[in-house]
Amino acid sequence: MMKHLFIYYMLVVLAGAVTAGAQSLPSLQRQGSAGHLMVNGKPFLVLGGELGNSSASSADYMRPIWKKLRAMHCNTVLAPVYWELIEPVQGKFDFTTVDSLLAGARRHSIKIVFLWFGSWKNSMSCYVPAWVKKDYKTYPRAYDERGLAQEILTPFSADNLRADVDAFRALMKHIREHDEKYQTVIMIQVENEIGILPSARDYHPQATKAFHQPVPTALMQYLQQHKKSLAPALAEAWRKNGSRTSGTWEEVFGKGLATDEMFIAWHFALFANQVALEGKKVYPLPMFVNAALNRPNVKPGGYPSGGPLPHIIDIWKAATPAIDLLSPDFYNPDFIHWNDLYTRPDNALFIPEIRFEPSVSAKVFYALGHYQAIGFSPFSIESTDTPENEPIGKSYQVLTQLMPLLCQHQGKPTLDGVLLDKRSDADTLTFGNYTFIVKHDYTLGWSPGAKEENWPQAGGLIIQTAPNEFIVAGTGIVVSFVSAQPSKGRTGILSIEEGGYREGHWNPGRTMNGDQSHQGRHLRFPVGEYGIQKLSLYQYK
Ligand code: DGJ
């Protein structure tokens with residue numbers, strides 16, 4: 001009997017191991033018009049936080065951070081892997097920091113997006129190991145236009161590429177060996193905010209030689225195939241110079257800083273693509289590259305040039321088939337403007353960095369609702385001393401409950417969102433028979449805050465679950481309803497319930513009527529409150 005039980009037990013364990021092993025890897029798919037991230041075989045949204053640059057280098061420093069992440073309901077941490085620490089001696093790897101992050105994340109049921117701080121970190125090459133820094137003859141630098149070497153590796157060196165690829169492959173092998181069955185690591189960022197300063201292109205002799213060669217055929221073909229959808233500045237430069245199908249960079253795009261930037265963008269992108277491609281051969285996780293957004297009216301060379309920026313995004317897309325996403329880092333205003341540029345049929349939105357300030361708690365609803373982003377992540381998330389009071393934690397708590405529903409509606413017209421402030425205090429969204437008029441809560445004039453010069457940002461999202469049924473979530477919004485086609489009658493509220501989802505099931509709280517719905521006129525989340533309400537509408541004449 002015991003023997004049979006033992007055999008049975010072993011079979012169960014083996015079957016479990018086979019199933020875990022057979023589980024498909026984290027992947028990025030397309031669903032309707034949006035991206036769709038799959039992790040452990042299920043749809044997933046990154047409710048993330050990125051660590052400050054040096055935090056992940058010390059397990060002791062990290063110890064209290066894990067609890068903070070949990071307190072803010074983060075399901076993912078974006079954590080750097082530092083080339084200088086994992087390969088202190090060429091070819092000798094030390095994955096202590098990586099292993100300690102894996103262990104910490106698993107203990108706290110948090111996923112990881114690793115940021116490969118390899119050849120470039122905000123333009124500079126500060127994270128390359130000492131053996132690379134010191135051997136500048138083997139690992140050459142980019143030069144500025146005066147011929148001065150910079151602390152920036154040139155992308156025009158096969159040795160530079162090989163050194164980065166070797167380290168990255170070793171990292172991906174280590175992750176695969178130690179994490180494939182858990183899928184703690186779900187995505188990889190390749191390098192960090194690539195771009196060149198203080199010149200608009202690299203002036204290393206190899207770079208200048210390449211600059212005077214013909215624009216690569218692959219790019220020329222891409223431009224012709226995507227002629228109708230090219231970024232306006234790129235399309236215009238090409239058109240103005242005769243829409244040539246071959247020629248040097250200056251012949252095809254004209255002389256000037258803009259062309260210098262296009263040229264360096266192509267070569268940075270080729271380098272990053274090669275790193276990603278080689279890494280994926282070892283362990284094919286979804287990979288992305290992040291961008292330091294440029295400021296208006298600053299010329300190339302005045303900002304980190306040649307990264308995956310909207311005005312040269314086509315150059316990056318043409319060079320990077322191995323990279324799944326190009327992603328904006330937000331330290332600029334104009335959240336909507338930049339997100340519009342990064343949300344494309346060939347690019348799902350993922351926000352790996354955004355300045356950690358209270359408004360992120362509203363912006364996340366808009367990012368996930370309107371742009372149907374696959375994730376969101378304030379930078380230096382551990383800098384708070386009161387994680388349990390952080391507004392982003394309140395939004396993440398709501399969004400955690402909604403994750404299955406949000407993923408189900410990604411890419412469909414049944415999901416949308418709003419972002420409001422004093423200047424832009426109302427928006428309208430239509431779902432089937434109904435138009436939602438969503439206003440900033442302060443438009444009611446009921447709160448003392450309404451008299452203030454600045455209003456906190458307010459945000460929300462709406463999911464249509466059936467023709468007359470909706471889930472509304474957010475903060476600082478007040479929503480009223482009219483019929484999309486007045487001839488079908490007027491619209492009224494049938495019922496509103498506040499509540500939440502527990503293990504996928506709706507768990508109702510209060511029925512929101514009377515003063516809470518302004519006697520049947522609206523649905524509301526006051527400023528400072530975060531929640532989910534289930535709404536039924538009807539029409540009458
Ligand atoms: C953007 C970078 O990507 C981060 O690593 C960090 O340096 C922040 N800027 C600091 O604001």
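Placed above this text is the structure.
Residues numbered from 1 in each chain as written. Predicted model: local features only at pLDDT ≥ 70, side-chain atom pairs only at ≥ 80, totals over all residues. Heavy atoms only, no water.

### Considerations on the nonpolar core
Across soluble globular proteins, you tend to see nonpolar side chains buried next to one another. Counting 145 residues, the largest nonpolar core has Phe 114, Phe 253, Leu 368, Phe 376 and Leu 402 as the members making the most contacts within it. It is helix H11 (residues 257–282) that provides the largest number of residues to this core, a total of 12 residues. Those residues within four positions of Phe 253 in sequence are excluded, and the remaining contacts are Val 215, Leu 223, Leu 234, Ala 237, Trp 238, Asn 241, Thr 259 and Met 262. Counting residues in hydrophobic clusters, the runner-up holds 21 residues, among them Leu 420, Phe 470, Phe 481 and Leu 523. (Core = buried A, V, L, I, M, F, W, Y, C linked by side-chain atoms within 4.5 Å. Buried < 20%, exposed > 50% of the residue type's maximum accessible area, 1.4 Å probe, protein only. Helix = DSSP H or I, 4+ residues; strand = E, 2+ residues; numbered from the N terminus. Contact = heavy atoms within 4.5 Å.)

### Here we look at the packing of helix H6 (residues 158–179) against H11
A pair of packed helices is captured by two measures, namely the crossing angle of their axes and the spacing between those axes. Remark: H6 packs on H11, axes separated minimally by 8 Å, with the N-to-C direction vectors making an angle of 30 degrees. Overall, the two elements H6 and H11 adopt an arrangement that is roughly parallel. Crossing hand, H6 versus H11: right-handed. Residues Asn 160, Leu 161, Asp 164, Val 165, Phe 168, Arg 169, Met 172, Lys 173 and Arg 176 of H6 lie in contact with H11, whose contacting residues are Phe 271, Gln 274, Val 275, Ala 276, Glu 278, Gly 279, Lys 281 and Val 282. Its residues assigned to classes, the contact of H6 with H11 comprises eight nonpolar, three polar and six charged. (Axes fitted to C-alpha atoms, helices over the stretch in contact; angles between N-to-C directions. Parallel < 35°, antiparallel > 145°, perpendicular 65-115°, else oblique. Left-handed = near helix turned anticlockwise from the far one by under 90°. Nonpolar A, V, L, I, M, F, W, Y, C, P; charged D, E, K, R; others polar.)

### Here's the deal with the sheet that holds strand S6 (residues 111–121)
Taken in spatial order, the eight strands line up as S4-S5-S6-S9-S10-S11-S12-S13 and close into a barrel, and their pairing is parallel. Adjacent strand axes in the sheet meet at a mean angle of 30 degrees, parallel and antiparallel pairs treated alike. Bridging between strand S11 (residues 325–330) and strand S12 (residues 350–354) involves two bridges; their strand directions are parallel. Looking across to S12, one finds that Phe 330 is bridged to Ile 354. (Pairing = 2+ DSSP bridges.)

### Section: unusual backbone geometry
In this structure, the amide linkage connecting Leu 197 to the following residue, Pro 198, adopts the cis form with an omega of 0 degrees. Looking at where Pro 198 falls in the secondary structure, it is placed in the loop between strand S9 (185–192) and helix H7 (205–211). Backbone geometry places Glu 503, a non-glycine residue, at a positive phi of 45 degrees. Summarising the element assignment, Glu 503 is placed in the loop between strand S20 (490–502) and strand S21 (505–511). Exposure remark for Glu 503: the relative accessible area of 80% places this residue in the exposed category.

### Details of the sheet that holds strand S14 (residues 415–420)
Read from one edge of the open sheet, six strands run S14-S17-S18-S23-S20-S21, paired in antiparallel fashion. Because the sheet does not close on itself, it has two edges, and the strands there are S14 and S21. Strand-to-strand twist in this sheet, taken as the mean axis angle between neighbours without regard to direction, amounts to 30 degrees. Across seven bridges, strand S17 (residues 458–466) lies against strand S18 (residues 469–475) in antiparallel orientation.

### Looking at H6
Between the first and last C-alpha of H6 there are 31 Å, a value that for 22 residues agrees with the 32 Å anticipated at 1.5 Å per step. All buried positions along H6 are accounted for by Asn 160, Ala 163, Asp 164, Val 165, Ala 167, Phe 168, Ala 170, Leu 171, Met 172, His 174, Ile 175 and Asp 179. For H6, the capping residue at the N-terminal end is Ser 157, with a side-chain oxygen 3.2 Å from the backbone nitrogen of Asp 159. (Expected span 1.5 Å × (residues − 1). Polar contact = N/O pair within 3.5 Å; in protein donor to acceptor, adjacent residues only side chain to side chain.)

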